[in-house]
Each structure stands twice: as C-alpha cells, then as structure tokens.
Amino acid sequence: MSAFLLVVNSLATSGLFPDEVADLRLNCKFGGSSGDLVVTDRRVFFVRPKGLVHSIKLGEIREVRIEPAFLGIQLVIETFNGQYKYTCSRSEGETVIRAVAKRKAQAPGRPVEAPVQAVDASFRVTTVKEVVLVICPHCGQRNDAGTRKCTNCGASI
C-alpha cells in the first residue's frame, strides 16, 4: 500500500509516472490559470502546482494547431472528444507541435529521433491565418482590409 501511495504522490507533484519520459515542459495558461504543459512519450498533460488538471493520450490527438487569439496566439489540441486551448507564445506553440508530431510518428520501441516528416496522414499540423475583411458600403462586397477600392464596384472603401 505504501508503494501505491508513493506513486500517487509522485504523479500529483510532477505529473509523471515513474517509467514515463518527458520530452518537453513549458509554462502556459489553460482556462485562465498558469501551469505546465508537458509532452511525454505517451501523452500530453497539463499540471498546476496543486496537481494534474487533464491528460491526453497521444493516440487521441487528431490535430495540433496555432490560432490567433485576443492577446497573441492559442495552441489548440483537438481530440476525438473535444478541444484543449492553451495560451502561450508562437514559438512555444510550434515547439509543442513538433514534439507531438515526433512522438506520434514514433512506433513503440523506436528512439525519439524519428523524423517529423514521417507523421501519418491522420495527424495534421496547421497554422490558421487571420484575414480581416471590410464590407463595401456601396455594393456589400467583402474586400481585404488593405485595399482602398472595392474589387466589385470600384468605389472607395
């Protein structure tokens, strides 16, 4: 019983199981609270000082992407059951994407140095680009915010 208690306490403080290998640990926000996002050889999880918040098995991840957000970017991990959104910097988000892609490409028992290009077709890495449109007051055509004249009627925007 004391060995089980030791494993539970170890999991609560670090988030790692005794035989689990962490590839990446970075500080970010989830649900407005700071914590650590960790990528391991078998899952991605978010842990706060008080303990584990959630854990996502690598096999459950469908897509990892970066989306524009109000103050910077959001890292989005999409699973078969829903989405997890984290606030971090663009470079940190790209690092997580590479780490997850590398682990998903790795077959069990292979070393972690598997090339990122070997990611299977079921796992997509995308970056979403934000486009701002302006509506022409004369004809209602949607135009890029950088244009001065409507592409449909030629009126000044």
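Residues numbered from 1 in each chain as written. Predicted model: local features only at pLDDT ≥ 70, side-chain atom pairs only at ≥ 80, totals over all residues. Heavy atoms only, no water.

J.: Just give me the short version of the packing of aromatic side chains, but keep the residues and values in it.
T.: One pass over the full model with this rule turns up 4 aromatic pairs. Residues Phe30 and Tyr84 carry aromatic rings whose centres are separated by 6.4 Å and whose planes lie at 35 degrees to one another, so their mutual orientation is tilted. Highlighted residues: Phe30 in strand β1 (residues 22-30) and Tyr84 in strand β7 (residues 83-88), separated in sequence by 54 residues. Aromatic side chains Phe46 and Tyr86 sit 6.0 Å apart centroid to centroid with 40 degrees between the ring planes, which places their arrangement in the tilted category. With a gap of 40 residues between them, Phe46 in strand β3 (residues 43-48) and Tyr86 in strand β7 connect regions that are remote in the sequence. Here Phe46 matches Tyr86 in class, with each residue buried. Three or more aromatic residues joined by ring pairs form one cluster here, namely Phe30, Phe46, Tyr84 and Tyr86. (Phe/Tyr/Trp six-rings, centres within 6.5 Å; stacked < 30°, edge-to-face > 60°. Helix = DSSP H or I, 4+ residues; strand = E, 2+ residues; numbered from the N terminus. Buried < 20%, exposed > 50% of the residue type's maximum accessible area, 1.4 Å probe, protein only.)

J.: Tell me about the pattern of salt bridges, and name the residues and values.
T.: The tally for this structure, following the rule as stated, stands at 10 salt bridges. For the salt bridge of Arg42 with Asp19, the shortest nitrogen-to-oxygen distance reads 2.9 Å. Of this pair, Arg42 sits in the loop between β2 (33-40) and β3 while Asp19 is found in the loop between α1 (2-14) and β1, placing the two residues 23 residues apart along the sequence. By relative accessible area, which is 34% here, Arg42 ends up partly exposed. Close ionic contact of Arg65 with Glu63 constitutes a salt bridge, the shortest N to O distance being 3.3 Å. Judged on exposure class, the residue Arg65 and its partner Glu63 are both buried. The network of salt bridges with common partners includes Arg62, Glu63, Arg65, Glu67 and Glu78. (Salt bridge = Lys/Arg side-chain N within 4 Å of Asp/Glu carboxyl O.)

Nothing here speaks to function; it is geometry throughout.
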